Amino acid sequence: MRRAAVFLALLLCLLWTGAQGEDGGGTGKKEGDFDIQGVKAAHDQSSSQTQMSTDVWAELQRANADLLARVTASENKSTALENRMSSSEKQVEELQRENADLLARVTARENKSTDLLDRATANEKRSTALEGRMNSSEKEVEELQRENADRPQVAFSAGLTDSGSVGPFSTAMTLKFSKVFTNIGQAYSPTTGIFTAPVKGAYYFRFNMWESRKLTYSSVVLYHNNQRKMRLLDYIDRSGFVSESNSMVLQLEKGDVVYIVLPSSYGVRDDSHNRIIFSGFLLFPL
């Protein structure tokens, strides 16, 4: 701006000087008069104008050079800005692509997390249901354990004798199974051979007979109180021995008795092989 102002000032001075030269400078000389001083003055003025024009031209060239330099610098700066803008736009596009990729990955992760959450929730519900069932089962087990603890435990098993043949007798005899293998609850008496029910309930009994004496009969009878419930009977011929067994379930009242009777005129045989066994146990109380 400073150079342009100087250029305008010089141009105005040049125009004013030219105007003064055209009107004779205001000296009052007559036409046709020859004024050496005027000619010299004119020559000096012309030289001054030429020098001034040269200075103006030089100033103009410097101004143009300066403007050109500024324009070039501006263009270079614009080019640099365009390059930076292009680079920034590329970076923005790259960032947008990266953001899109990240968004897709985050969305996929969120979907996976949602799926995992749903599965975890389902497992928690299932675990809760299983826990409820487990608690219920544990309560049932505890109840059964209490019932079993309160329920009498009754079971026995005994062999007849190691002495060999028993009978025949002239009268019926209650067999005393003296070889006690099991007597939980002590409901069976090896002294009398009688089982006495400690509680009302359903009981299971099993018994058998064995005989090896030839050409004779063998028999035993299961009694409930005074009632005959079951009888085993067989004949031993010349071939060797007989063995029979049977079982039954009886509903007994507390204090009822069960025992095995050897009828008169019949015999059985037992030894260390435990061939004749009387067993029973409580199925459940009633």
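Residues numbered from 1 in each chain as written. Predicted model: local features only at pLDDT ≥ 70, side-chain atom pairs only at ≥ 80, totals over all residues. Heavy atoms only, no water.

K.L.:
Quick question: what am I supposed to make of the overall build of the chain here?
P.N.:
Looking only at helices and strands, one finds 2 helices and 13 strands in the chain. Taking all 286 residues of the chain together, 23% fall into the buried category. For the chain, contacts bridging at least 24 residues in sequence account for 72% of all contacts bridging at least 6. Entry remark: accessible area of the chain is about 19,700 Å², with carbon and sulfur atoms responsible for 53%. (Helix = DSSP H or I, 4+ residues; strand = E, 2+ residues; numbered from the N terminus. Buried < 20%, exposed > 50% of the residue type's maximum accessible area, 1.4 Å probe, protein only. Contact = heavy atoms within 4.5 Å. Areas by Shrake-Rupley, 256 points an atom, 1.4 Å probe, with all protein chains shown as cover.)

K.L.:
Explain the packing of aromatic side chains here, please?
P.N.:
What characterises a pair of aromatic rings is the spacing of the ring centres plus the angle enclosed by the ring planes. Tallying each qualifying case throughout the model produces 13 aromatic pairs. Between F205 and F278, the ring centres sit 6.4 Å apart and the planes meet at 25°, which makes this aromatic pair stacked. Of this pair, F205 sits in strand 7 (residues 201-211) while F278 is found in strand 13 (residues 277-285), placing the two residues 73 residues apart along the sequence. Comparing F205 with F278, the two get one shared label, buried. (Phe/Tyr/Trp six-rings, centres within 6.5 Å; stacked < 30°, edge-to-face > 60°.)

K.L.:
Please clarify how the sheet that holds strand 10 (residues 242-252) should be interpreted in this entry.
P.N.:
Consider a sheet: its strands pair through backbone hydrogen bonds, and that pairing is either parallel or antiparallel. Strands sit in the order 4-1-13-7-10 across an open sheet of 5 strands; the sheet is antiparallel. Where the open sheet ends on each side, the last strands, each with one partner, are strand 4 (179-184) and strand 10. Neighbour-to-neighbour, the strand axes of this sheet turn through a mean angle of 10°, independent of strand direction. Bridge analysis of strand 7 against strand 13 gives 7 bridges, and the strand direction is antiparallel. Paired with R206 across the strands is S279, a residue of strand 13. (Pairing = 2+ DSSP bridges. Axes fitted to C-alpha atoms, helices over the stretch in contact; angles between N-to-C directions.)

K.L.:
How should the nonpolar core be read in this particular structure?
P.N.:
If you look at soluble globular proteins, the nonpolar side chains tend to sit buried side by side. Of all hydrophobic cores here, the largest spans 32 residues; its most connected members are F177, F195, Y203, F205, V220 and F278. Only strand 1 (155-159), strand 7, strand 8 (216-224), strand 9 (227-236), strand 10, strand 11 (257-262) and strand 13 provide two or more residues apiece to this core. Apart from the residues lying within four places of it in its own chain, the contact partners of V220 are L175, F207, N208, M209, M230, R231, L232, I260, V261, L262, P263 and V268. (Core = buried A, V, L, I, M, F, W, Y, C linked by side-chain atoms within 4.5 Å.)

K.L.:
Honestly, the pairing of strand 9 in this entry has me stumped. Any pointers?
P.N.:
Note on strand geometry: in a regular strand, side chains alternate between the two faces of the sheet. When strand 8 meets strand 9, the two strands line up antiparallel, connected through 9 bridges. Bridging across to strand 9, S219 finds its partner in L233. The antiparallel pairing of strand 8 with strand 9 creates a hairpin that spans 2 residues between the two strands, and N225 there sits at a positive phi of about 55°.

K.L.:
So what exactly am I meant to see when it comes to the pattern of salt bridges here?
P.N.:
Oppositely charged side chains can pair when the atoms bearing their charge come close. One pass over the structure, following the stated rule, counts 8 salt bridges. Linking E94 and R97 is a salt bridge whose minimum nitrogen-to-oxygen distance equals 2.4 Å. With E94 and R97 both in helix 2 (residues 36-150) and 3 residues apart, the pair spans about one turn of that helix. Look at E94 and you get partly exposed, because its relative accessible area is 35%. One salt bridge in this structure joins R146 and E143, with 2.5 Å as the shortest N-O distance. With R146 and E143 both in helix 2 and 3 residues apart, the pair spans about one turn of that helix. R146 sits in the partly exposed class, given a relative accessible area of 45%. Three or more residues are tied together by salt bridges with common partners; here these are D162, K179 and D270. (Salt bridge = Lys/Arg side-chain N within 4 Å of Asp/Glu carboxyl O.)

K.L.:
Please explain the side chain of S218 as it appears in this structure.
P.N.:
Note that S218 resides in strand 8. A polar atom in the side chain of S218 sits 2.8 Å from the backbone oxygen of G267. (Polar contact = N/O pair within 3.5 Å; in protein donor to acceptor, adjacent residues only side chain to side chain.)

K.L.:
Please clarify how a nonpolar patch on the surface should be interpreted in this entry.
P.N.:
A contiguous nonpolar patch, built from V249, F281, L283, F284 and L286 and spanning about 430 Å² of accessible area, is present on the exposed surface. Assignment of secondary structure puts L286 in the segment after strand 13. (Patch = residues over 30% accessible without salt bridge, like charges linked within 9 Å, V, L, I, M, F, W, Y side chains within 5 Å.)

Keep in mind these numbers describe shape, not what the thing actually does.
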